[in-house]
Amino acid sequence: MRGYVVKKLTSVISIQVLTNQYKIFPLGDAAVTIDMGNVISEALNQKALAMQQWLLAHPFEGMKDCLVAYSSLTVLYNPVIIKKYYHPRHTVFAWVADRLQQAFEKALQTGQAIREVIRIPVCYDEPFAPDLVSLARQKQLPVTDVVNIHTSTVYNVYMIGFLPGFSYMGEVNERIAVPRKQQPTQVMAGSVGIAGSQTGIYPLQSPGGWQIVGRTPLKLFDAFGPEPVKLQAGDRVQFYAITKQEFDSY
Amino acid sequence: MSLTIIKPGLLDTIQDLGRTGYSRLGINTGGVMDRYAAQVANMLVGNDTLEAVMEIHFPGAQFLFEQNTLISITGADFTAMVNDEPVPLWHPIVVRKNAVLHFPKLQHGSRCYVAVHGGYCVNKWLNSYSTHLKAGAGGFHGRKLEKRDEIPFKESRIYFAGLLKPGKEFEVLKWHVDTGSTYLHPNEIYIIKGNEWDQLTCQSQQDMLEDNFTIHPFSDRMGYQLKGVDLKRNERTELVSSGVSFGTIQLLPNGQLIVLMADHQTTGGYPRIGHVISAHLPKLAQLRPSDCIHFKITDIATAENLLIAQQQELNILQRACLERLNHVVC
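Because the structure is predicted, anything quoted here is derived from the model rather than measured.

Thresholds, definitions, all that
Residues numbered from 1 in each chain as written. Chains lettered and ligands numbered in written order. Predicted model: local features only at pLDDT ≥ 70, side-chain atom pairs only at ≥ 80, totals over all residues. Heavy atoms only, no water. Pairing = 2+ DSSP bridges. Helix = DSSP H or I, 4+ residues; strand = E, 2+ residues; numbered from the N terminus. Axes fitted to C-alpha atoms, helices over the stretch in contact; angles between N-to-C directions. Buried < 20%, exposed > 50% of the residue type's maximum accessible area, 1.4 Å probe, protein only. Contact = heavy atoms within 4.5 Å. Domains from an automatic or database assignment. Buried area = accessible area lost by both parts, 1.4 Å probe. Salt bridge = Lys/Arg side-chain N within 4 Å of Asp/Glu carboxyl O. Nonpolar A, V, L, I, M, F, W, Y, C, P; charged D, E, K, R; others polar.

A. Molecular detail of the sheet that holds strand β3 (residues 31-35) of chain A. Residue and element names in this part refer to chain A. Overall, antiparallel pairing links the 4 strands, which are arranged β2-β3-β5-β4 in an open sheet. If you trace the sheet from one side to the other, it starts and ends with β2 (23-26) and β4 (63-68), each paired once. If you compare each strand with its neighbour and ignore which way they point, the axes differ by 15 degrees on average. When β4 meets strand β5 (residues 72-77), the two strands line up antiparallel, connected through 5 bridges. Pairing of L67 across the sheet is with T74, part of β5.

Take a look at the structure:
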């Protein structure tokens, strides 16, 4: 894929900071969440991803889906199938909760992860950056500084949610961190936005409240491509600025 | 084998029981709003419950059947008519080639399901027939049905012509499905407590269970906005986003509630006050704007037992439907 320069790098992520502090609770009668804290933390996110990986490698009958958010993992299941296959002694929820506890313990053994930096071209010029000038003014920075700061950080993709392939990345340098808009506006596909300490890319045109600072020519969601969604939780991303001419010739 | 849309409806889409396994990519489950009615629609025509059905909102589309076929209509009552004669819901019905099905008047309910024998022949997207409108994929070209769309059916080796009386455009077969307790007490919705239930003030916990909530007109397949007394939390902490599910009841910053429905996003960051139990989602899916909801708390064990009982009832119905059908077509 053009513009998709991939640089391999190895980083060791320590998850030793974790203790047994988590909470498992029902998200209705067909889903359960294990929540490790109401925080945005790379270590907890890595832990949630390791648990997801373990569960996908050790699925159980009736497990329908699982997803990682910042510091939590949610598993969707069919209680009727679990009841039929495993005859849980107590509730189906308790049975799945046990399974999650097991995932938590087993996934501790994953201590290393090889991460890639995915470089994504972004045009920060008009008309792709409707909120860039106001953001720069609000932060009392020249526009070029905002762009330099936004492109100088390697972001962690914590989760995919909201829309097919919408990436929640962090953390944005506080010098350019701004709250989301009061009123959502129509946002074009490829738009790169900032909301608080998060940054992300709208893969589809959609109403949205993030402050839009640029747009990537890359198609991050392609329903009929071999991989419909390009970015996944756990990826590392760095943006680089391109001109409008470069954008148009993509 | 196919049907053609003569006149499009407000929102008619091809759906199945949902697309699972992709929520970590932000691709939601979607699927039918009323899983009970959709499954029964398939059973009545001898299909597997995983086949695609058509989900119809009022005002519904007008269809022309291009061949003799066996159909069923379940869920909401929009006064279904074949060639201007009323036909009953929850029955198998044989329709003759060139018969026209339409829905002139809303009686009650919100979503009506039409299944055809063999199932609709549309492409799966990510293992599901469900229409994903945002992604423009799944179902019939990833969109709602429009005028002149021709929806093909899967091949069938059974011909139903012998069941049609001469001069009649349709024949209602003699058996029907009794929906039992599924839609009884439509406004009484059981919930289990959500993780942030305890953050509600005592007064708000009481209000939640004693007051009535009205479904706002802005409600759709993504979620039902509710109008009711403002609910308050004891704490102001914001939540980082995490997974949500069909039936999750979130508290918005303005003190009002929203219930997430079939097309909900995969993640959310509002406090989760409660979750509608799965067995009550079909009746919730059939409520309409300005209908009232009264919440009752139950526990997870009861919720699971009610769902399992509902599924057992469906299994019995499926066997019975197949036996009846085999008997008449043999």
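Right, picking up where we left off after that structure.
B. Quick look at the environment of F60 of chain A. Residue and element names in this part refer to chain A. Along the polypeptide, F60 turns up in the loop between α1 (42-57) and β4. Look at F60 and you get buried, because its relative accessible area is 6%. C-alpha of F60 to C-alpha of I81: the two residues are 21 residues apart in sequence and 9.9 Å apart in space. With residues up to four places along the chain from it excluded, the contact list for F60 reads L55, V75, Y77, I82, Y86, W95, V96 and R99.

C. Layout of the domain arrangement of chain B. Residue and element names in this part refer to chain B. For chain B, the domain assignment lists domain 1 (2-179) and domain 2 (188-298). Between the C-alpha centres of domain 1 and domain 2 there is a distance of 30 Å. Contacts between the two partners involve 23 residues from domain 1 and, on the opposite side, 16 residues from domain 2. Where domain 1 abuts domain 2, roughly 1,500 Å² becomes buried across the two surfaces, and 49% of that area is made up of carbon and sulfur atoms. Between the two partners, domain 1 and domain 2, sit 1 salt bridge.

D. Looking closely at the interface of chain A and chain B. Counting from both sides, the interface comprises 44 residues of chain A and, opposite them, 42 residues of chain B. Between chain A and chain B, the buried area comes to about 3,500 Å², and carbon and sulfur atoms account for 63% of it. Area buried by chain A at its contact with chain B is led by L27, D29 and N38 of chain A, which between them contribute 17% of it. Where chain A meets chain B, there are 0 salt bridges. Mapped by element, the contributors of at least two residues to the side of chain A that touches chain B are β2, α1, β4, β5, α2 (79-86), α3 (92-106) and β7 (155-160) of chain A. With 4 residues, β4 of chain A is the single largest residue contributor to the side of chain A that touches chain B. Residue composition of the side of chain A that touches chain B, grouped by class: 29 nonpolar, 10 polar and 5 charged.

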